[in-house]
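This is what each chain is made of:
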Amino acid sequence: MYKRQDPSSCASTSEIEVAVGTQVTYCTIVYNPSRVTLRLHNADASLSGSLAKQLPLVLARGDRYSISTTQIISQSVVNVVTWTGYVTDEAGIYATITDSAAVHTPALHLSTTVISAGAACPGTQAITVTVGTEITYCYAVTNTGMVPFQRHQLVDSTGHTVYSQTVTLLPGEVYDIGITLPATQSGSTDFIWTAHSMSELVASSSDQTQVTVLYPLTIIVYADVDGNGVFDSMESGLPATIVTLSHVTRPPVVATTDATGRATFPNLLTGIYTVTVDDTSIPIHYTLTTSNPLTVNIGLDPQPVAAIGFAPDPRVD
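**A look at the overall build of the protein chain**
Turning to step 1, where the next piece is worked out: Looking only at helices and strands, the protein chain has 0 helices and 23 strands in total.
Turning to step 2, where the next piece is worked out: Its C-alpha radius of gyration of 37 Å places the protein chain more than 25% over the 20 Å reference for a compact globule of 317 residues.
Turning to step 3, where the next piece is worked out: If one aligns the C-alpha atoms of the protein chain with their principal axes, the spans along those axes are about 125 × 35 × 35 Å.
Turning to step 4, where the next piece is worked out: Per-residue burial over the protein chain gives 38% buried out of 317 residues.
Turning to step 5, where the next piece is worked out: Taking the intrachain contacts of the protein chain between residues at least 6 apart in sequence as the baseline, contacts between residues at least 24 apart amount to 61%.
Turning to step 6, where the next piece is worked out: When the accessible surface of the protein chain is summed, it comes to about 16600 Å², and 54% of that surface belongs to carbon and sulfur atoms.
Turning to step 7, where the next piece is worked out: Looking at charge distribution, the protein chain has the averaged site of its 11 positive side-chain charges lying 27 Å from that of its 25 negative ones.

**Describing the nonpolar core**
Burial of nonpolar side chains together is a common tendency in soluble globular proteins.
Turning to step 1, where the next piece is worked out: Ranked by internal contacts, the top residues of the largest apolar core, which has 45 residues, are Y139, W193 and L217.
Turning to step 2, where the next piece is worked out: The biggest single contributor to this core is strand 16 (residues 202–223), with 8 residues.
Turning to step 3, where the next piece is worked out: In this structure Y139 touches L110, S111, T112, L154, V162, Y175, D176, I177, I179, F191 and W193, once residues within four positions along its chain are discounted.
Turning to step 4, where the next piece is worked out: L38, A45, L59 and I67 belong to the second largest nonpolar core, which has 11 residues in total.

**A look at the environment of N143**
Turning to step 1, where the next piece is worked out: Summarising the element assignment, N143 is placed in strand 11 (residues 134–143).
Turning to step 2, where the next piece is worked out: C-alpha separation for the pair N143 and E173, spaced 30 residues apart in sequence, amounts to 5.7 Å.
Turning to step 3, where the next piece is worked out: Contacts of N143, omitting those with residues within four sequence positions, involve A107, L108, P148, F149, L169, L170, P171, G172 and E173.
Turning to step 4, where the next piece is worked out: From its side chain, N143 meets the backbone oxygen of L169 in a polar contact 2.9 Å long.

**Some words on the pairing of strand 13 (residues 161–169)**
Turning to step 1, where the next piece is worked out: Both strand 12 (residues 149–156) and strand 13 contribute to a ladder of 6 bridges, which runs antiparallel. Along strand 13, the bridge assignment pairs R151 with T166.
Turning to step 2, where the next piece is worked out: Between strand 12 and the antiparallel strand that follows it, strand 13, lie 4 residues; G159 among them carries a positive phi value of about 90°.

**Notes on the sheet that holds strand 5 (residues 49–55)**
Turning to step 1, where the next piece is worked out: On the basis of which strands lie adjacent, the open sheet formed by 5 strands has the order 2-8-7-4-5 and mixed pairing. Each edge of the open sheet is held by one strand with a lone partner, namely strand 2 (15–17) and strand 5. Strand after strand, the sheet turns through a mean of 15° between neighbouring axes, direction not considered.
Turning to step 2, where the next piece is worked out: Two elements, strand 7 (residues 77–86) and strand 8 (residues 94–104), share 10 bridges in a ladder whose sense is antiparallel. Directly across from V77, in strand 8, lies its bridge partner V103.

**Digging into the environment of T133**
Turning to step 1, where the next piece is worked out: Within the element layout of this structure, T133 appears in the loop between strand 10 (126–130) and strand 11.
Turning to step 2, where the next piece is worked out: Relative accessible area serves as the criterion here: at 24%, T133 is assigned to the partly exposed category.
Turning to step 3, where the next piece is worked out: Separated by 96 residues in the primary sequence, T133 and T37 have C-alpha atoms spaced 80 Å apart.

**Regarding the packing of aromatic side chains**
Two aromatic rings are characterised by how far apart their centres lie and by the angle between their planes.
Turning to step 1, where the next piece is worked out: One pass over the structure, following the stated rule, counts 9 aromatic pairs.
Turning to step 2, where the next piece is worked out: Residues Y139 and F191 carry aromatic rings whose centres are separated by 5.2 Å and whose planes lie at 75° to one another, so their mutual orientation is edge-to-face. With Y139 in strand 11 and F191 in strand 15 (residues 187–196), the pair connects residues that are 52 residues apart, well separated along the chain.
Turning to step 3, where the next piece is worked out: Owing to a relative accessible area of 2%, Y139 belongs among the buried residues under this scheme.
Turning to step 4, where the next piece is worked out: The buried category is assigned to F191, whose relative accessible area is 4%.
Turning to step 5, where the next piece is worked out: The ring of Y31 has R64 sitting right over it, with the charged end atom 4.6 Å from the ring centre.

Definitions and limits used
- Residues numbered from 1 in each chain as written.
- Predicted model: local features only at pLDDT ≥ 70, side-chain atom pairs only at ≥ 80, totals over all residues.
- Heavy atoms only, no water.
- Helix = DSSP H or I, 4+ residues; strand = E, 2+ residues; numbered from the N terminus.
- Rg over C-alpha atoms; globule rule 2.2 N^0.38 Å.
- Buried < 20%, exposed > 50% of the residue type's maximum accessible area, 1.4 Å probe, protein only.
- Contact = heavy atoms within 4.5 Å.
- Areas by Shrake-Rupley, 256 points an atom, 1.4 Å probe, with all protein chains shown as cover.
- Lys, Arg positive; Asp, Glu negative; His and termini not counted.
- Charge placed at Lys NZ, Arg CZ, Asp CG, Glu CD.
- Core = buried A, V, L, I, M, F, W, Y, C linked by side-chain atoms within 4.5 Å.
- Polar contact = N/O pair within 3.5 Å; in protein donor to acceptor, adjacent residues only side chain to side chain.
- Pairing = 2+ DSSP bridges.
- Axes fitted to C-alpha atoms, helices over the stretch in contact; angles between N-to-C directions.
- Phe/Tyr/Trp six-rings, centres within 6.5 Å; stacked < 30°, edge-to-face > 60°.
- Lys NZ or Arg CZ within 6 Å of the ring centre and 35° of its normal.

Read these as spatial facts, not as claims about activity.
Here it is in structure tokens:
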């Protein structure tokens, strides 16, 4: 039995590599090498079923006969054909032969996980870390088809090429790599691995990871001596002031500034927050010089800082 892509003639090979979706024609040729003439025939194919049922074909010594069937290929398959020829009828003397043809298609499976740097791959598909933490993306691609691959490229959902290499990946083999980067922002990332065979057949597979980055927000409540609404190194902080951090979907958090006028809110998710200084905790004779409340967009800056200033009355020592 032969297989081909050209339905006008039988091919000379019993194996072929094609892309998924290719129309392939299976050509079955039966040949009678014996001195006995066969006059009735049955033939069955594992993929298409019956090819011939009680076919009244006279097949003398040296004669050949062919039957073709065409199918769209969706995966690697082996088509097995069994041909039985009878001398007179199905109850009489017969001869049976079996042959097969294999169609190989390329296929990949990509598994992408993420883990803290230094830990062993694989990790999980989602991770939560503080900003700047080194994380390792673990990629494992398996050749799930029957076609060897030679060239590989990995891109992310922005089209950025993450990895490109020439390496042979045989059917059933797994190829894995790890790439370590600092976590700078939250988000879900799609990765697409594309592989090419020597015959330029292509297969691709995608997977997704989720990285959630937590940010620390530092609040500075300071004595704005020059009253310009900008905190500079010559100005001191106001200790023991009460600061509230609010978010529309999360409960407010309250903190008190330290001796330097600073309060830190760790492990914040990205989003819009409101910082409010309790005026009653500010010393008397101080006047607000900045916004209060103050809106802060967490996620834009890896180390966000918000400063709220109060100018002392110059007439008061």
